2 protein chains.
Amino acid sequence: MTVADVAREAGVAKATASRALGGYGAVSDEARDRVLAAAEALGYRPNELARSMNTGKSKTIGVVVGDIENGYFGLAMRGISDAAKRAGYDIILVNTSEDVEAEIDAVRLLLDKRVDGLIVAPASAYRTEHLREVHQSGHPLVLLDRRIESLPAVSVGVDIAPAARAATRALVAEGHRRIAFVSALGTDGERYSGLPLGVSSVTDRLVGILQGLEETGIPISPELIRFEAHGAEKTHAVIADLLALSEPPTAILLSDSLVALNVLLAFRELGIKVPRDVSVVAFDDVDWAAITDPPMTVVSQPIYDVGVTAAEELLRLMRGMAPDATTLRLPAALVERDSIGPVAVSAQ
Amino acid sequence: MTVADVAREAGVAKATASRALGGYGAVSDEARDRVLAAAEALGYRPNELARSMNTGKSKTIGVVVGDIENGYFGLAMRGISDAAKRAGYDIILVNTSEDVEAEIDAVRLLLDKRVDGLIVAPASAYRTEHLREVHQSGHPLVLLDRRIESLPAVSVGVDIAPAARAATRALVAEGHRRIAFVSALGTDGERYSGLPLGVSSVTDRLVGILQGLEETGIPISPELIRFEAHGAEKTHAVIADLLALSEPPTAILLSDSLVALNVLLAFRELGIKVPRDVSVVAFDDVDWAAITDPPMTVVSQPIYDVGVTAAEELLRLMRGMAPDATTLRLPAALVERDSIGPVAVSAQ
DNA sequence: TTGTAGGCGTTATCAT
DNA sequence: ATGATAACGCCTACAA
């Protein structure tokens, strides 16, 4: 069923039918009625592909993330989806498994499919040529969660450093001086050797932590900053390694909820009690953080709103408007529960 | 940059350029080289929209779910995404908030955008005309997680009843006779009044439970079967209500991980200890189930595989092949941890 | 107000 | 092997 069919059925020309159906231009009431009736009778539905072809707009936006199964992106996705739907946009979602090559392909293909705009959580802060191309060619682009210093595209995320600093100071206030940071960030086996890291959201956490440490006069120990804690086994190994240090940490900051989960699992196997043996603060206030034993002190992030904001900024860009700002950071907050305690006597 | 530009640059006709670019038909090596070089030089990228228009294939599938933020669908989505990507398909994801009207609109719009196939987790077992239309009009359709009795479309989900039965019997084996079931299913305030329910995946759980009860000679108490436990407050109310019964349950089966979370929260507020005061089994083995206090006994579901299977069945359908079966159920299993204990003395 | 005709960028048909 | 030309289904001048 095409416009031509409807036009024939209604006894008018294609253009008239098209106008009546699209609700634009000038059409007599009588003609419109006939066309609409014919369309109804024939069960006509417009071919959005054809429509997109000459309007140049697909009413679709592309979203590229590393891991949709991760609750963080699931929630952000929900925010993006809700905001996009309100504006009449659909979403093509691509999962890259945090693989840059997959991200590059995805961005290209999405553009080939003529999405009107792109929201990307870049897998790497180094391999960014593809995103730079997108931005420079004038395609609306919003970076999600992660920032790329050298790329002046709009980025929407969380202002996590102040909260990281507050979390660190909360730890210090309980007497902790050996404070570790554990992240899942891939670093190709490298040890910590300075900022920035490959993913800005992790860099920001560390910046806040180091700041908190410096302010309280606590020396920074590179051996307490650990990466590549992905999966239960590797995380277990990282924790075991940390605990075997001559001066083991008495408190640990966990970079995200997945790391937190695996660390808690490792603690259970190792017979470590929180906060008796070691204090813990995790980034990201997942729903289950309140039912762990003990309830976990966390840095809460407005993830849903990050998604909504990212979509809304993209919509502004797509309308040809200027962005609200090139870097938008929503506030994070420390939610104090019971996983921080005083330094254990034996460890002092 | 269009095929025409490339053709001109290479000094050949559009058709030849198109053949060389598309890698089909017969093209001389020399012509191909010239075309490819020209395309490279011009930075040519095909317009997938135009391509879709006359092939009739968009290499895109539509996925409609109720709640992407729910870990269950997030994981299924990952499975779908991985399988689809392997076959070269992209995914348009629509979230309906479990609203049937939104689902109807989504299905229509997706078809208008000419997706090659549809995977839907139907919000309702009653309002299904739109899905029937899709199926009868010959569009490849796979139902995810939930079945619709009167619709002969392929459905992929979990064979949950046997596991539900096993869970129930495990409870009975510990002496429980007052066994409740709590679900978030919306029933418009109605109390339980027989099967089937509005969502087949919940029906299946209950079927298994009732079967387990009957086999062990335990009478079925409708007042122990509760719905509409969505959100912390409502769930708290449901639990309080259950516990206030003259013969309160000594064990509770939780329909999904979100319900489980809220129930655990309610228990904590009410000072209820698991399994001392009440035993618990939850459906869905979420990652955090192993770190609750105590670790939770759950019915584990191969959710990722459900997603993969759904996508693969859809791919079969899209290739014009017959489905493997009209109803595919992957096996679930009872994972015994420590949330089941003997009936409390005071409750006997 | 209505109709005619051309174009969007591909692929596909049919001669040559 | 290659080229001209017609679709695909819609929108949109422009003309009537």
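Every value quoted in this text rests on a predicted model; they were computed, and no experiment measured them. (Residues numbered from 1 in each chain as written. Chains lettered and ligands numbered in written order. Predicted model: local features only at pLDDT ≥ 70, side-chain atom pairs only at ≥ 80, totals over all residues. Heavy atoms only, no water.)

Draft legend 1. A look at the protein's contact with DNA strand D. Near DNA strand D lie 23 residues; those nearest to it are Val3(A), Tyr44(A), Asn54(A), Ala26(B) and Ser28(B). Measuring from a phosphate oxygen of DNA strand D, one finds a backbone N or O atom of Asn47(A) at 3.2 Å. Within the contact set of DNA strand D, a phosphate oxygen lies 2.7 Å away from a backbone nitrogen or oxygen of Ser28(B). Among the elements of the structure, helix 2 (14-22) and helix 4 (48-55) of chain A together with helix 2 (14-22) and helix 4 (48-55) of chain B are those that each provide at least two residues to the surface near DNA strand D. Of the residues assigned to the surface near DNA strand D, the class counts are 13 nonpolar, 7 polar and 3 charged. (Near = heavy atom within 4 Å. Polar contact = N/O pair within 3.5 Å; in protein donor to acceptor, adjacent residues only side chain to side chain. Helix = DSSP H or I, 4+ residues; strand = E, 2+ residues; numbered from the N terminus. Nonpolar A, V, L, I, M, F, W, Y, C, P; charged D, E, K, R; others polar.)

Draft legend 2. The arrangement of the side chain of Glu103(A) in detail. Of note, Glu103(A) is situated in helix 6 (residues 100-112). Despite its burial, Glu103(A) remains without a salt bridge, the nearest opposite charge being carried by Arg146(A) at 6.3 Å. (Buried < 20%, exposed > 50% of the residue type's maximum accessible area, 1.4 Å probe, protein only. Lys, Arg positive; Asp, Glu negative; His and termini not counted. Salt bridge = Lys/Arg side-chain N within 4 Å of Asp/Glu carboxyl O.)

Draft legend 3. Summary view of helix 10 (residues 232-243) of chain A. Residues and elements named next belong to chain A. An ideal rise of 1.5 Å per residue puts 16 Å on 12 residues; helix 10 measures up with 16 Å between its terminal C-alpha atoms. For helix 10, the complete set of buried residues consists of Thr235, Val238, Ile239 and Leu242. On an axial view of helix 10, the arc spanned by its buried residues comes to 95°, and they lie on one face. Against strand 6 (179-182), strand 7 (225-226), strand 8 (251-254) and helix 11 (257-270) lie the buried residues of helix 10. (Expected span 1.5 Å × (residues − 1). Arc of directions from axis to C-beta. Contact = heavy atoms within 4.5 Å.)

Draft legend 4. Highlighting the UniProt feature "domain: HTH lacI-type" (unreviewed entry) in chain A. The UniProt feature table records "domain: HTH lacI-type" (unreviewed entry) at residues 1-55 of chain A. Helix makes up 71% of residues 1-55 of chain A and strand 0%, with an end-to-end C-alpha separation of 21 Å. (UniProt positions renumbered as here; feature names shortened; annotations may be inferred.)

Draft legend 5. Expanded view of the packing of helix 1 (residues 3-10) of chain A against helix 2 of chain A. All names here are of chain A. Where helix 1 meets helix 2, the axes come as close as 8 Å, and the angle between the chain directions of the two elements is 105°. With respect to their mutual orientation, helix 1 and helix 2 come out roughly perpendicular. Facing helix 1, whose interface residues are Val3, Ala4, Val6 and Ala7, helix 2 presents Lys14, Ala17, Ser18 and Leu21. Split by residue class, the contact of helix 1 with helix 2 holds 6 nonpolar, 1 polar and 1 charged. (Axes fitted to C-alpha atoms, helices over the stretch in contact; angles between N-to-C directions. Parallel < 35°, antiparallel > 145°, perpendicular 65-115°, else oblique.)

Draft legend 6. Focus on the protein's contact with DNA strand C. Neighbouring DNA strand C are 26 residues, the closest being Ser28(A), Asn54(A), Val3(B), Ser18(B) and Asn54(B). The sugar-phosphate share of atoms of DNA strand C within 4 Å of the protein amounts to 55%. Take Lys14(B): an N or O atom from its side chain is 3.3 Å from a base oxygen of DNA strand C. Put simply, the parts of the chain that give the surface near DNA strand C at least two residues each are helix 2 and helix 4 of chain A together with helix 2 and helix 4 of chain B.

Draft legend 7. A look at the sheet that holds strand 8 of chain A. All names here are of chain A. Taken together, the 6 strands give an open sheet; going across it, the order is 7-6-8-9-10-12, and neighbouring strands pair in mixed fashion. Both edges of this open sheet fall to strand 7 and strand 12 (333-335), since each of them pairs with a single strand only. With 3 bridges joining them, strand 10 (residues 297-300) and strand 12 adopt antiparallel strand pairing. Looking at the pairing, Val299 lines up with Leu334 of strand 12. Its contacts with the sheet place helix 11 against strand 6, strand 8 and strand 9 (279-283), and it is angled at close to 145° to strand 8. (Pairing = 2+ DSSP bridges.)

Draft legend 8. Quick peek at the domain arrangement of chain A. Entries for chain A in the domain assignment read domain 1 (3-55), domain 2 (60-158 + 303-331) and domain 3 (159-301). Summarising the inter-unit geometry, the C-alpha centres of domain 1 of chain A and domain 3 of chain A are found 61 Å apart. (Domains from an automatic or database assignment.)

Draft legend 9. Molecular detail of unusual backbone geometry. All names here are of chain B. Across the junction of Leu195 and Pro196, the peptide omega takes the value -5°, indicating a cis bond. As for its placement among the helices and strands, Pro196 is situated in the loop between strand 6 (179-182) and helix 9 (200-215). For the peptide bond that leads from Asp293 to Pro294, omega is -5°, which places it in the cis range. Here Pro294 shows up in the loop between strand 9 (279-283) and strand 10 (297-300). Phi at Asp284 takes a positive value of approximately 90°, unusual for a residue other than glycine. With respect to the element layout, Asp284 can be found in the loop between strand 9 and strand 10.

Draft legend 10. Quick peek at the interface of chain B and chain A. Tallying the contact residues gives 47 residues for chain B and 47 residues for chain A. Together, the buried faces of chain B and chain A total about 4,400 Å²; carbon and sulfur atoms form 57% of this surface. Of all residues in chain B, Leu49(B), Lys113(B) and Ile291(B) bury the most surface against chain A, accounting for 16% of the area lost on that side. Counting every contact that joins chain B to chain A gives 8 salt bridges. Linking Glu69(B) and Arg78(A) is a salt bridge whose minimum nitrogen-to-oxygen distance equals 3.3 Å. Along the contact surface separating chain B from chain A lie 26 residue pairs in polar contact (both at pLDDT 80 or more). Put simply, the parts of the chain that give the side of chain B that touches chain A at least two residues each are helix 4, helix 5 (71-86), strand 2 (90-95), helix 6 (100-112) and helix 11 (257-270) of chain B. In the side of chain B that touches chain A, the residues fall into 22 nonpolar, 10 polar and 15 charged. (Buried area = accessible area lost by both parts, 1.4 Å probe.)

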